[in-house]
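Single-letter residue listing:
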Amino acid sequence: MNRLPSKIFIDGGSPTETKEASERRSVTLGFPLDGQTTNPTLIARNLVEKSGKLTEKDALAEYKRIVREMSSVIPGGSISIQVFADEKTSAGDMLEQARERNKWIPNASIKFPATHEGLKAAGKASLEMPINITLVFSQSQAAAVYEITRGAKYPIFISPFVGRLDDIGENGMEVVKNILNLYENGDGHVEVLTASVRNLDHILYALLLKSDIITIPFKIFQLWADENFRNPADDYLYNKPELRPIPYRADVKLGRDWQTYDLQHMLTDRGLVSFYKDWTSLF
Ligand code: E4P
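Residues numbered from 1 in each chain as written. Predicted model: local features only at pLDDT ≥ 70, side-chain atom pairs only at ≥ 80, totals over all residues. Heavy atoms only, no water.

- Per an unreviewed UniProt entry, the chain goes by the name Transaldolase.

**Here's the deal with the packing of aromatic side chains**
- If you walk through the whole model with that rule in mind, you get 11 aromatic pairs.
- Seen in terms of ring centroids, W279 and F283 are 6.3 Å apart; in terms of plane orientation they differ by 80°. Their pairing is edge-to-face.
- We classify W279 as buried; its relative accessible area is 3%.
- Clustering of aromatic rings is evident, with ring pairs tying together Y63, F84, W104, W279 and F283.
- Just above the ring of F84 sits the side chain of R101; from NZ or CZ to the centre is 4.5 Å. (Phe/Tyr/Trp six-rings, centres within 6.5 Å; stacked < 30°, edge-to-face > 60°. Buried < 20%, exposed > 50% of the residue type's maximum accessible area, 1.4 Å probe, protein only. Lys NZ or Arg CZ within 6 Å of the ring centre and 35° of its normal.)

**Looking at the side chain of S71**
- By the secondary structure assignment, S71 is in helix α3 (residues 56-73).
- If we ignore the near neighbours within four places in the chain, the residues touching S71 are I79, I105, P106 and N107. (Helix = DSSP H or I, 4+ residues; strand = E, 2+ residues; numbered from the N terminus. Contact = heavy atoms within 4.5 Å.)

**Re unusual backbone geometry**
- At L135, a residue that is not glycine, the phi angle is positive and equals roughly 60°.
- Along the chain, L135 falls in strand β5 (residues 131-136).
- Residue S196 is not a glycine yet carries a positive backbone phi of 60°.
- Tracing the backbone shows S196 in the loop between β7 (190-194) and α9 (200-209).

**Overview of the packing of helix α1 (residues 15-29) against α3**
- Interhelical geometry of α1 versus α3 gives an angle of 10° and a closest axis separation of 9 Å. By the criterion of interaxial angle, the relationship of α1 to α3 is roughly parallel. The element α1 and its partner α3 pack so that their crossing is right-handed. Facing α1, whose interface residues are P15, T18, K19 and S22, α3 presents I66, E69, M70 and V73.
- Class assignment for the residues of the contact of α1 with α3 results in 4 nonpolar, 2 polar and 2 charged. (Axes fitted to C-alpha atoms, helices over the stretch in contact; angles between N-to-C directions. Parallel < 35°, antiparallel > 145°, perpendicular 65-115°, else oblique. Left-handed = near helix turned anticlockwise from the far one by under 90°. Nonpolar A, V, L, I, M, F, W, Y, C, P; charged D, E, K, R; others polar.)

**Remarks on the environment of A142**
- Tracing the chain through its elements places A142 in helix α6 (residues 139-148).
- It is 9.5 Å that separates the C-alpha atoms of A142 and V192, two residues lying 50 residues apart in sequence.

**Here's the deal with the sheet that holds strand β1 (residues 7-11)**
- An order of β1-β2-β3-β4-β5-β6-β7-β8 is seen for the 8 strands of this closed barrel, with the pairing classed as parallel. Across the sheet, the mean angle separating the axes of adjacent strands is 30° when strand polarity is ignored.
- Note that β7 and strand β8 (residues 213-217) share 2 bridges and pair parallel. Bridged to L193 within β8 is I213.
- Running at roughly 170° to β7, helix α8 (residues 173-183) makes contact with β5, β6 (156-160) and β7 of the sheet. (Pairing = 2+ DSSP bridges.)

If you want it as structure tokens, here you go:
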């Protein structure tokens, strides 16, 4: 039985790490990992180390091979595969990529960015496949994700990136808290996946908040495994006075047209550029 309130995913681009992490969890807790997230940067990093420069076609074939291996390690889990997009990529293009990627493995969840075009594509895709909205940094992006995916026929994940907010001096975990609060009186159709985890405190606080899912890079996963996948103590306090608070916005409520929410965030734009750059630098 899972003694944790959250599902645990591994965040990476290496099936070897997936295997090691899943085995470690099985040995200690008696059950494997719940899933895997990948992104273009993580896959590119893995491919650069192994293969160097590739053609675009081969790079995509490698992405497919890698997620197939991951899927065979955790066939009962969910494996996130990201579409490639820059600021000019249309919703139609992303949807086409999504349909193709969804055929790679039976347990795919397709990642779309939290941009206008990304959400437009995700709304349609949510009727056809599981999806994961990535590069989320604000409560109003989360409200838009909730509204565009109402009526979804498959699981929907939303991925707030906590570490990248911490990196610019803001308290990223507060976005997780705010989204959970925003969704509290909703119908539960969106699962909150804490992403961009940098340390054990992110894990412990995400568990305390009951984030539906936490995705963890292998190195941090190992640190947590060394502590027997511990839960936060009853008196655990996530106290980060060095980080600027991100207060809950009572004026950002569910129930509006998704296009009326402010989707703009500097880190979403930046993230899109760097995912695309890291991927295209492979060829
Ligand atoms: C999540 O799905 C992303 O792959 C990941 O958590 C990004 O983390 P980073 O900010 O460390 O790149």
